[in-house]
Amino acid sequence: MRAAVAFLFSALLMLPTARAEEEDVSFERDIRPLLKTHCFQCHGEEPEVRGSLDVRLVRFLLAGGDSGPAIAAGNRDESLLYERVADGDMPPQDDKHLAPAEVELIGRWIDAGAPTLRPEPDSLDGGYITEEERSHWAFQPIQRPTLPRIQHPGRVRTPVDAFVLSRLEDQGFALAEDAPRRTLVRRLFFDLLGLPPSPEQIDRFLADESPGAYERLVDRLLASPAYGERWARHWLDVAGYADSEGYSVDDVQRPHAWRYRDYVVRAFNGDMPFDRFLTEQLAGDELVTSPLNNLTPADADLLTATGFLRMAPDGTSGKVDDANIARNDVMAETIKVVSTSLLGLTVGCAQCHDHRYDPISQTDYYAFRAIFEPALDWKNWRSPPKRLVSLYTDSDREQAAEIEVEAKKIDAERAKKQQEFINATFEKELAKLPEEIRAAARLARDTADKDRTDEQKQLLKEHPSLNVSAGSLYLYDRKAADELKAMAEQAKKVRDTKPKEEFVRALTEVPGTVPATFLFFRGDHEQPRDELAPADLSVVSRGAHDSVIPTNDGDRSTTGRRLALARQLTDRTHPLTSRVLVNRVWLNLFGQGIVRTPGDFGTLGAPPTHPELLDWLASEFMDNGWSMKRLLRQIVTSTAYRQSAQAETALINADPDNRLWGRTDLRRLDAESFRDAILSVSGTLRKKMAGPPVPIMADRVGRWVLGIENLNAGRPGKVIPLKGEDYRRSLYVQARRSRPLAVLSTFDWPRMAPNCQQRHASTVAPQSLMLMNSNFIIEQSEQFAQRLSAAAQATDEQLALAWTLAYGRPPTADEQADAIQFLLDQASVLTPSPAEESSETAEGGKTPEISGPSPSPEALAVLCQMLLSSNEFLYVE
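Residues numbered from 1 in each chain as written. Predicted model: local features only at pLDDT ≥ 70, side-chain atom pairs only at ≥ 80, totals over all residues. Heavy atoms only, no water.

## Observations concerning the overall build of the protein chain
A count of helices and strands for the protein chain gives 39 helices and ten strands. Here the protein chain, with 877 residues, has 51% of them falling under the buried criterion. In the protein chain, of all internal contacts separated by at least 6 residues, the share reaching a separation of at least 24 is 70%. For the protein chain, the accessible area works out to roughly 40400 Å², and carbon and sulfur atoms hold 52% of it. (Helix = DSSP H or I, 4+ residues; strand = E, 2+ residues; numbered from the N terminus. Buried < 20%, exposed > 50% of the residue type's maximum accessible area, 1.4 Å probe, protein only. Contact = heavy atoms within 4.5 Å. Areas by Shrake-Rupley, 256 points an atom, 1.4 Å probe, with all protein chains shown as cover.)

Right, dumping it as structure tokens:
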């Protein structure tokens with residue numbers, strides 16, 4: 001990684017080198033970034049400056065340290081700094097040496113007189129951000145650009161097209177032709193719903209040739225409940241959603257995390273304004289008005305939203321080597337989730353020292369951490385179970401109390417009946433003894449054990465049948481013991497009618513507690529330094545009064561810190577939030593973002609391919625009330641989105657990475673869409689929404705499969721039926737960090753560490769092996785074949801339906817002929833040998849038919865498996 005960074009800097013610095021030849025080299029623009037990357041930590045940032053040499057300002061370099069001045073302005077050969085970096089002595093680490101171009105740049109700067117662009121600050125207290133650092137594109141205010149003029153406006157359907165086409169025309173190119181309608185409907189369904197279209201849905205779209213047919217299809221899809229499931233999955237990636245704690249091998253389960261997942265689905269389906277969506281997730285608990293022990297449904301939703309801040313790995317509910325490290329790790333990982341998902345910055349790189357590339361100081365990091373400290377107070381820690389908030393209301397408690405009264409009546413009647421049975425049984429047993437000892441035996445039995453004499457104890461020992469109790473009654477009177485068991489079951493049934501107490505995994509603060517936050521020297525919690533007040537990052541702070549994060553808001557029962565942050569992030573003057581969000585939307589529709597590093601808008605991140613388009617989308621998003629559905633509609637109805645994957649050879653050669661967006665990229669289905677598409681095509685998909693996740697267990701060979709774990713002496717026991725739950729969408733499969741479902745993990749299902757910034761598609765051998773051998777694929781292929789057989793009798797009709805279900809199109813004549821021949825060949829292979837045929841006939845079995853209007857079920861299933869394993873099924877154009 002460091003070598004790659006060095007190479008990157010070497011490449012980037014070729015231009016500054018050229019400027020140096022023109023004596024246009026400066027400290028702020030060219031030299032300071034190098035020294036910040038390689039030297040600041042030892043020579044300036046830490047309390048003990050190595051060699052007493054601070055290299056953060058030119059005047060410090062001229063003053064020098066223990067060895068004298070570090071530079072001699074105008075003469076590199078007399079400059080100790082140049083000598084040390086040229087000889088490779090500094091930096092001392094072998095993997096951090098400066099590249100030759102970087103060394104030469106320093107030399108030319110010194111020869112030019114060590115110029116600066118402006119007077120240097122009097123002090124570096126409080127951090128120093130140069131104008132060059134502030135001028136980075138991502139930190140500039142979002143301004144709505146005017147639409148560019150284009151030469152061929154006939155292809156423009158939405159303003160998106162104007163920005164894309166303008167760049168293409170500048171290079172002498174144009175937008176590609178629209179993809180065929182069958183291609184578009186399949187693309188739209190997968191992008192908006194994560195599911196393939198049914199033949200009926202395809203036919204409905206193709207039959208509608210009136211103007212606006214495409215737009216009406218878009219509106220239908222955005223109104224579908226499956227839309228919320230699809231786009232919730234995208235957000236859950238950046239939130240780091242998981243149904244287990246991770247962190248350690250214990251990987252403790254999170255039995256209530258699913259409520260946050262369902263909250264996200266509801267928010268997308270309801271088109272909750274995204275500024276509100278973010279605010280609830282960052283500070284829902286600070287908006288709650290009802291008591292935590294009697295939450296209204298609306299306030300329960302607000303608390304559920306804060307599950308966003310409870311998704312980071314958290315090992316504090318189990319055994320860890322160092323509890324304090326584990327607690328602070330939760331905080332650090334939470335900050336990573338927040339900063340990468342909302343700010344698009346790698347803020348976590350400033351945990352131990354100032355960020356090496358972006359203007360984020362270590363002071364910035366801990367001031368930002370202070371925003372979350374009251375809820376994640378590491379010195380007064382609450383483990384995950386202690387953070388759960390009950391959803392029981394006063395009404396629930398009252399109802400439960402009334403039910404308990406009824407159950408106790410049954411308990412009392414049972415206790416009375418039980419004592420009657422015990423007494424009656426004792427009398428029967430007593431009557432069996434000689435009359436002369438009955439009185440003594442009765443007295444011994446009625447005497448408390450601790451008060452019995454030795455004689456009484458001996459008497460009861462000699463006649464154990466007198467020791468009739470609730471536990472031994474069944475030995476004497478089985479009829480009485482069934483009767484009593486029935487009464488106990490009756491009481492249980494009554495109690496089972498109580499409202500079930502549910503819990504929400506939430507983030508809350510302890511009222512009245514305002515912990516202090518300190519900067520940790522080198523990130524070590526055992527080395528606290530200065531106390532810091534809460535604040536947003538300096539580089540994006542407006543400095544206005546309304547942008548200040550309060551230490552403690554006196555008008556609230558909470559500190560108000562996270563609520564203030566949420567309002568800053570969703571203020572239209574914030575330069576990052578809306579840019580980051582619309583870039584992710586573009587990424588999820590086109591396969592790449594306008595900024596191709598969605599979690600890093602900083603110096604090392606990729607610049608936007610179309611900066612004006614990015615800002616127009618961000619402005620449009622905010623101007624339209626932060627409506628996600630309106631933003632999606634704006635993009636998917638554009639010509640840019642509707643393009644074919646086919647383009648001119650000249651364009652492909654000039655733009656192989658499709659940075660001009662002059663065509664559509666072929667994209668492989670993500671893991672969840674792949675599994676869901678198989679269930680949909682086979683006809684087994686169960687569309688039940690919400691609720692606890694479908695559990696994961698190990699099968700007999702150690703693969704992670706769907707199932708309820710039922711171990712017997714450490715080995716899988718009897719299979720417990722899932723009753724159709726195993727056919728639900730993949731969104732509802734348990735996302736346990738240590739137990740990734742095999743069919744999903746093989747196709748690059750991400751493990752949250754702590755979240756996923758961007759999905760990646762690999763092509764590896766295990767995928768082919770899984771498609772050939774997986775029980776899931778084989779079973780679903782058989783279900784697919786059964787669906788075809790039930791729908792049509794003729795082979796050609798079955799094939800037409802198979803192709804339409806799998807690919808969204810009918811087979812070509814050649815494909816149909818090949819498929820028929822394949823079915824005949826497979827039927828021949830699967831036909832029993834004469835010996836097997838005779839055996840089956842003798843046993844009353846039937847020989848499978850290999851001719852007639854429909855193929856054999858086995859052959860058809862093999863064909864279906866082939867379709868599900870094909871690239872055309874796996875990829876979307």
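## Notes on unusual backbone geometry
For the peptide bond that leads from Met90 to Pro91, omega is -10°, which places it in the cis range. Counting through the fold element by element, Pro91 comes out in the loop between helix H6 (80-87) and helix H7 (100-111). Unusually for a residue other than glycine, Tyr247 sits at a positive phi of about 75°. Structurally, Tyr247 can be placed in the loop between helix H13 (225-239) and helix H14 (258-269). Exposure remark for Tyr247: the relative accessible area of 38% places this residue in the partly exposed category. A positive phi angle, close to 50°, is found at Asp271, a residue other than glycine. The topology assignment puts Asp271 in the loop between H14 and helix H15 (274-283).

## Side note on the state of the cysteines
The final tally for this structure, using the stated rule, is zero disulfides. Take Cys42: it sits in no disulfide, and the sulfur closest to it among the cysteines is that of Cys39, at 8.4 Å. (Disulfide = S-S within 2.5 Å.)

## Focus: the environment of Ala401
Summarising the element assignment, Ala401 is placed in helix H20 (residues 394-431). In this structure Ala401 comes out as partly exposed when scored by relative accessible area, which is 42%.

## Concerning the packing of aromatic side chains
Going through the model one piece at a time under the given rule, you end up with 24 aromatic pairs. Taking 6.3 Å as the distance between ring centres and 25° as the angle between the ring planes, the aromatic pair formed by Tyr260 and Tyr263 counts as stacked. Here Tyr260 pairs with Tyr263, and both are found in helix H14, just three residues apart, close to one helical turn. Judged by its relative accessible area of 2%, Tyr260 is buried. By relative accessible area, Tyr263 is classed as buried at 2%. Summarising the aromatic geometry, the rings of Phe674 and Phe747 are spaced 4.4 Å apart at their centres and angled 40° between planes, so their arrangement reads as tilted. Within this pair, whereas Phe674 is found in helix H31 (residues 671-682), its partner Phe747 is found in the loop between helix H32 (742-745) and helix H33 (765-773), the two being separated by 73 residues in sequence. Through pairs of rings, three or more aromatic residues link up here, namely Trp235, Tyr260, Tyr263, Phe268, Phe274, Phe277, Phe308, Phe621 and Trp626. Above the plane of the ring of Phe205 lies Arg181, whose end atom (NZ or CZ) is 4.1 Å from the centre. The residue whose ring lies beneath Arg728 is Tyr732, and the NZ or CZ to ring-centre distance is 4.4 Å. (Phe/Tyr/Trp six-rings, centres within 6.5 Å; stacked < 30°, edge-to-face > 60°. Lys NZ or Arg CZ within 6 Å of the ring centre and 35° of its normal.)

## Observations concerning helix H16 (residues 297-305)
Every buried residue of H16 is accounted for by Asp299, Ala300, Leu302, Leu303, Thr304 and Ala305. Residues of H16 that are buried make contact with H14, H15, strand S1 (388-390) and strand S2 (503-505).

## Structural notes on the nonpolar core
In terms of nonpolar packing, the biggest core is built from 162 residues, with Trp235, Tyr260, Phe268, Phe274, Trp586, Leu617 and Phe674 touching the most fellow members. When neighbours within four sequence positions are excluded, Trp235 is seen to be in contact with Tyr260, Val264, Phe268, Phe274, Phe277, Leu278, Gln281, Phe308, Leu342 and Leu581. Ranked by size, the runner-up nonpolar core spans 23 residues in total, among them Leu34, Leu35, Val58 and Ala70. (Core = buried A, V, L, I, M, F, W, Y, C linked by side-chain atoms within 4.5 Å.)

## Concerning the pattern of salt bridges
In the structure shown here, the tally under the stated rule is 65 salt bridges. A salt bridge links Arg633 to Asp219; the shortest N-O distance between them is 2.7 Å. Remark: Asp219 occurs in helix H12 (residues 213-222) and Arg633 occurs in helix H28 (residues 628-636); sequence separation between them is 414 residues. You can call Asp219 partly exposed: its relative accessible area is 35%. For Glu229, the salt bridge goes to Arg729, with nearest N and O atoms at 3.1 Å. Of the two residues, Glu229 sits in helix H13 while Arg729 sits in the loop between strand S9 (715-716) and H32, which places them 500 residues apart along the sequence. Judged by its relative accessible area of 6%, Glu229 falls in the buried class. Residue Arg729 is classed as buried on the basis of its relative accessible area, which comes to 6%. (Salt bridge = Lys/Arg side-chain N within 4 Å of Asp/Glu carboxyl O.)

## Some points on empty space enclosed by the protein
Summed over all chains, the structure comprises five cavities of 30 Å³ or more. What the largest cavity holds in volume is close to 80 Å³. Along its surface, the largest cavity is lined by 14 residues, and Ser730, Val733, Gln734, Ala735 and Trp749 are the ones closest to its centre. Across the lining of the largest cavity, the residue classes break down as nine nonpolar, two polar and three charged. (1 Å grid on protein atoms, 1.4 Å probe; cavity = no way out; pocket = protein on both sides within 12 Å on 5 of 7 lines; lining within 4 Å. Points joined across faces, edges and corners; volume = space filled by probe spheres on them. Nonpolar A, V, L, I, M, F, W, Y, C, P; charged D, E, K, R; others polar.)

## So, the confidence of the model for the protein chain
Do not read the fine detail of predicted coordinates wherever pLDDT is low. The predicted model of the protein chain has a mean per-residue pLDDT of 91, with 94% of residues at 70 or higher. Ignoring residues within four places in sequence, the model shows residues 1-22, a span with pLDDT below 50, making 31 contacts including any to other chains. In this model, residues 839-852 is a region of pLDDT below 50 whose contacts with residues beyond four sequence positions or in other chains number ten contacts. (pLDDT = per-residue confidence, 0-100.)

## With respect to the packing of helix H17 (residues 323-343) against helix H26 (residues 577-590)
Between H17 and H26, the least distance of the axes is 7 Å, while the angle of their chain directions is 80°. Looking at the two axes, H17 sits roughly perpendicular to H26. Contact residues: H17 offers Thr340, Ser341, Leu342 and Leu343, while H26 offers Thr577, Val580 and Arg584. Here the residues of the contact of H17 with H26 sort into three nonpolar, three polar and one charged. (Axes fitted to C-alpha atoms, helices over the stretch in contact; angles between N-to-C directions. Parallel < 35°, antiparallel > 145°, perpendicular 65-115°, else oblique.)

## Some points on the packing of H20 against helix H24 (residues 478-495)
Following both chains from N to C, one finds H20 and H24 inclined at 170°, their axes separated by 8 Å at the closest point. If you check the angle between H20 and H24, you find them roughly antiparallel. Of the residues in H24, those in contact with Ile403, Glu404, Glu406, Ala407, Lys408, Ile410, Asp411, Glu413, Arg414, Lys417, Gln418 and Phe421 of H20 are Ala480, Glu483, Leu484, Met487, Ala488, Gln490, Ala491, Val494 and Arg495. For the contact of H20 with H24, the residue count by class is ten nonpolar, two polar and nine charged.

## Regarding the side chain of Gln418
Assignment of secondary structure puts Gln418 in helix H20. A relative accessible area of 16% means that Gln418 is categorised as buried. Discounting residues that sit within four places of it in the chain, Gln418 has contacts with Ala470 and Leu484.

## Things to note about the environment of Ala101
Counting through the fold element by element, Ala101 comes out in helix H7. When its relative accessible area of 16% is taken as the criterion, Ala101 is described as buried. In this structure, the C-alpha to C-alpha distance between Ala101 and Lys379, residues 278 residues apart in sequence, is 48 Å.

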